[in-house]
Amino acid sequence: MSATPSNPSRWQFFRTFLRDGKIASVVPTSPRAVVQVCRPLDFSRPLNVVELGPGNGAFTRYLLSQMTADSRVLAVDLNPTFVATLNAWHDPRLTVVQDSAEHLSELLSARGFPPADAAISGIPFSFFPGHRQEAIMRQVAAALKPGGVFIVYQFSPQVGAHLRVVFPRVVARRVWPNLPPLSVYEATR
Ligand SMILES: C[S@@+](CC[C@H](N)C(=O)[O-])C[C@H]1O[C@@H](n2cnc3c(N)ncnc32)[C@H](O)[C@@H]1O
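Note that the structure is predicted; figures quoted are calculated from it, not measured.

## Quick notes on the environment of Ala118
Structurally, Ala118 can be placed in strand S4 (residues 116–121). Separated by 29 residues in the primary sequence, Ala118 and Gly147 place their C-alpha atoms 9.1 Å from one another.

Written out as structure tokens, the structure reads:
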């Protein structure tokens, strides 16, 4: 039986931000922005989704609320407080791993996660040098089915140039109902 995930706590997020220099945001992404960022996803069919940097679940919660019963999410975050929060939901569709997105290929193959329809990332790519950003992106590309989409939301637009090195097609857009507004990229394999 899964616990119904509540709205992500802004206070928990802020406290965790104060303790952890890799969070990169003081509050979770706004619910309206989450819906707009997830626009490319077709929830009417089963989806296998990889989520990088779920934090305390702003996107995870929305994904689980929209997905079919046979969909799956594998979420990877470095922060133990956030990982514990998501694990407390006990949703059988959700696997949460405390690790770095830099180890994505090993994490997926160790768990037998199927080729993904989509990946979605809020990790702060700008904290990494370019070659490490592209190494993560290559692992995401390898995890996706042909035609699968990698959705990246960031405050900084610098990630677009690196996505274009790895993915043949990248479309950029802005999502405004968030403070600050988000740069969103849809990279297709
Ligand atoms: C800007 S927050 C986004 C949180 C949440 N997705 C949201 O939109 O509210 C970035 C998240 O990425 C995580 N993170 C940072 N570096 C990471 C890495 N190398 N691997 C996995 N997660 C990472 C942080 O712990 C944090 O939870």
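## Structural notes on the site of the ligand
If you check the shell around the ligand, you find 24 residues, and the closest are Thr29, Gly53, Asp77, Ala101 and Tyr153. A distance of 3.4 Å is found between an oxygen atom of the ligand and a backbone nitrogen or oxygen belonging to Gly55. Contributions of two or more residues to the shell around the ligand are made by helix H3 (58–66) and strand S2 (72–77). In terms of residue class, the shell around the ligand is built from 14 nonpolar, seven polar and three charged.

## With respect to helix H4 (residues 80–87)
Along H4, the residues that are buried comprise Phe82, Val83 and Leu86. The arc enclosing the buried residues of H4, seen along the axis, measures out at 100°, which places them on a common side. Where H4 is buried, its residues contact helix H1 (10–19), H3, S2 and strand S3 (94–98). Backbone nitrogen of Thr81 and a side-chain oxygen of the N-cap are separated by 2.9 Å at the start of H4; the cap is Asn79.

## Things to note about the nonpolar core
Core analysis: the largest hydrophobic core is formed by 30 residues, its most contacted members being Leu52, Val140, Phe150, Leu163 and Phe167. Excluding its chain neighbours within four sequence positions, the residues that come into contact with Val140 are Leu52, Leu104, Ala119, Phe150 and Phe167. Among the nonpolar cores identified, the runner-up in size contains 29 residues, and Val34, Val73, Trp89 and Ile120 belong to it.

## Topic: the pairing of S2
Judged by how many residues are buried, S2 sits mostly within the fold: five of six residues are covered. Pairing of strand S1 (residues 48–52) with S2, which is carried by five bridges, proceeds in the parallel orientation. Paired with Asn48 across the bridge in S2 is Arg72. Taken together, S1, H3 and S2 constitute a β-α-β crossover, and its handedness is right-handed. Taken together, the five bridges between S2 and S3 define a ladder with parallel strand orientation. The partner of Val76 across the bridge, within S3, is Val97. Regarding topology, H4 serves as the crossover connection from S2 to the parallel S3, and that connection is right-handed.

Rules and cut-offs
Residues numbered from 1 in each chain as written. Predicted model: local features only at pLDDT ≥ 70, side-chain atom pairs only at ≥ 80, totals over all residues. Heavy atoms only, no water. Helix = DSSP H or I, 4+ residues; strand = E, 2+ residues; numbered from the N terminus. Near = heavy atom within 4 Å. Polar contact = N/O pair within 3.5 Å; in protein donor to acceptor, adjacent residues only side chain to side chain. Nonpolar A, V, L, I, M, F, W, Y, C, P; charged D, E, K, R; others polar. Buried < 20%, exposed > 50% of the residue type's maximum accessible area, 1.4 Å probe, protein only. Arc of directions from axis to C-beta. Contact = heavy atoms within 4.5 Å. Core = buried A, V, L, I, M, F, W, Y, C linked by side-chain atoms within 4.5 Å. Pairing = 2+ DSSP bridges. Right-handed = clockwise from strand over helix to strand, strands pointing away.

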